[in-house]
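These are the residues of each chain, in order.
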Amino acid sequence: MKNPQTSVKSASLAVTNAVFISRSIRHSLRNVEALVMAVVLPIMLMLLFTYVFGGAIDPGGNYVNYVVPGIILLCAGFGSSSTAVDVAEDMTNGIIDRFRTMPIKSLGVITGHVAASLVRNLIATGVVIGVALLVGFRPTAAGLEWIAAACLIALFILAFTWLYAAIGLVAGSPAAASGYGFALLFLPYLSSAFVPTDTMPAWLQGVAENQPITPVIEAIRGLLTGAPAHDQIWKAALWCMLILLVSMLWSMWTFRRKAGRR
């Protein structure tokens, strides 16, 4: 007599990912406070730097065009950081053990969090850009430049979301994941997001100019406002792809080590 367990077919990868993405999106919609804060906090910072510090930094009134690309990445960072907490919660509340008993690829739970975060953050970024236009942001980008900027922003969000997912996997608790992820949110402040790097002390310029955030910001700034971008676009894309590759491999290795191979 055939064992009934042997006749159970595993769900396809596409179906598994679709289910987990739907699950993560529903969780995002239920967590309204986190969704709102991911948008409101970058907007508050943009208004602060534009109206409080902008006049001192750029008396000509063009500071908003300089600061918006940095705020866009700051928004993406805030939104992506919640992925670390979501993944850590799944890894510590026992749900992964339940998924392992089902005929599915349980790694899809991480893919679901990443995909939902990408969608959530792209929407939040659109809102931030809309508010920036209301406060005086005047991009000069044509259609292809907008498309290139959008693709670069999406690649940045995807790369850092996978990085936050890896942090959530290695963290011992959601609180620890939040703490580790928070450290990455300081990177935009050590870049050209708010002031040119040549205004920084010499020792800090080396840090600011050789970390991944600066070329991404300069590339977006060049695409949207016509500022000199030189080779920053290619540097930004390479940085994002490198972070994405390392983070995905790190996530898959850590997940299999902690949760088994199913």
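Residues numbered from 1 in each chain as written. Predicted model: local features only at pLDDT ≥ 70, side-chain atom pairs only at ≥ 80, totals over all residues. Heavy atoms only, no water.

Going by what an unreviewed UniProt entry lists, the chain is known as Transport permease protein and is assigned to Paenibacillus rhizophilus. Word for word, the UniProt comment on the chain under Sequence similarities (unreviewed entry) is "Belongs to the ABC-2 integral membrane protein family." (UniProt positions renumbered as here; feature names shortened; annotations may be inferred.)

Caption draft 1: Layout of the overall build of the chain. What the chain contains, in helices and strands, is 10 helices and zero strands. Per-residue burial for the chain yields a buried fraction of 45% across its 262 residues. Of the contacts made within the chain by residues no fewer than 6 positions apart, 80% connect residues no fewer than 24 positions apart. (Helix = DSSP H or I, 4+ residues; strand = E, 2+ residues; numbered from the N terminus. Buried < 20%, exposed > 50% of the residue type's maximum accessible area, 1.4 Å probe, protein only. Contact = heavy atoms within 4.5 Å.)

Caption draft 2: Quick peek at helix H3 (residues 63-92). Its 30 residues place the ends of H3 45 Å apart at the C-alpha level, agreeing with the 44 Å of an ideal helix rising 1.5 Å per residue. Of all the bends in H3, the greatest measures close to 30 degrees and is centred on Pro69. Judged by how many residues are buried, H3 sits mostly within the fold: 24 of 30 residues are covered. (Expected span 1.5 Å × (residues − 1). Bend = angle between axes of the 7 residues up to and from the residue.)

Caption draft 3: View of the nonpolar core. Counting residues in hydrophobic clusters, the biggest one holds 61 residues, and the most contacted among them are Ile71, Ile110, Phe156, Phe194 and Val216. At the level of elements, helix H2 (32-57), H3, helix H5 (108-134), helix H6 (143-170), helix H9 (213-225) and helix H10 (232-259) are the ones that each hand at least two residues to this core. Considering every element that reaches this core, the biggest residue donor is H3, with 15 residues. Excluding residues within four positions of it along the chain, Val216 makes contact with Leu73, Leu152, Phe156, Ala236 and Cys240. (Core = buried A, V, L, I, M, F, W, Y, C linked by side-chain atoms within 4.5 Å.)

Caption draft 4: Quick peek at the packing of H6 against helix H7 (residues 174-184). The N-to-C vectors of H6 and H7 enclose an angle of 145 degrees; their axes lie 9 Å apart at closest approach. Like other packed secondary-structure pairs, H6 and H7 cross with a definite hand, here right-handed. Residues Leu163, Tyr164, Ile167 and Gly168 of H6 lie in contact with H7, whose contacting residues are Ala177, Tyr180, Gly181 and Leu184. Classifying every residue of the contact of H6 with H7 by side-chain character gives six nonpolar, two polar and no charged. (Axes fitted to C-alpha atoms, helices over the stretch in contact; angles between N-to-C directions. Left-handed = near helix turned anticlockwise from the far one by under 90°. Nonpolar A, V, L, I, M, F, W, Y, C, P; charged D, E, K, R; others polar.)

Caption draft 5: Representation of the side chain of Ser117 in the model. Structurally, Ser117 is set in helix H5. Residue classification places Ser117 among the buried residues on the basis of a relative accessible area of 0%. Not counting residues within four places of it along the chain, the set of residues in contact with Ser117 comprises Gly79, Ser80, Thr83 and Thr161.

Caption draft 6: Broad picture of the pattern of salt bridges. As enumerated under the stated definition, the model contains two salt bridges in all. One salt bridge connects Arg221 with Glu218, and the closest N-O pair in it is separated by 2.8 Å. Taken together, the residues span about one helical turn, with Arg221 and Glu218 both in helix H9 at a distance of three residues. Using a relative accessible area of 3% as the deciding quantity, one classes Arg221 as buried. Residue classification places Glu218 among the buried positions, given a relative accessible area of 18%. Between Lys235 and Asp231 there is a salt bridge, with its nearest N and O atoms 3.9 Å apart. (Salt bridge = Lys/Arg side-chain N within 4 Å of Asp/Glu carboxyl O.)

Caption draft 7: The arrangement of the UniProt feature "transmembrane region" (unreviewed entry) in the chain in detail. On the UniProt side, "transmembrane region" (unreviewed entry) is annotated at positions that read residues 32-54, 66-88, 109-134, 146-165, 177-195 and 236-255 here. Between the first and last C-alpha atoms of residues 66-88 the distance is 36 Å; the span itself is 100% helix and 0% strand. The span residues 177-195 shows a helical share of 42% and a strand share of 0%, and its end C-alpha atoms are spaced 30 Å apart.

Caption draft 8: Looking closely at the packing of H5 against H6. Running from N to C, H5 and H6 cross one another at 135 degrees; their axes reach a closest spacing of 9 Å. One finds that H5 runs oblique with respect to H6. Crossing handedness for the pair H5 and H6: right-handed. In this structure, H5 uses Ile110, Thr111, Val114, Ser117, Leu118, Asn121, Leu122, Thr125 and Ile129 to contact H6, whose residues at the interface are Trp146, Ile153, Ala154, Ile157, Leu158, Thr161, Trp162, Ala165 and Leu169. (Parallel < 35°, antiparallel > 145°, perpendicular 65-115°, else oblique.)

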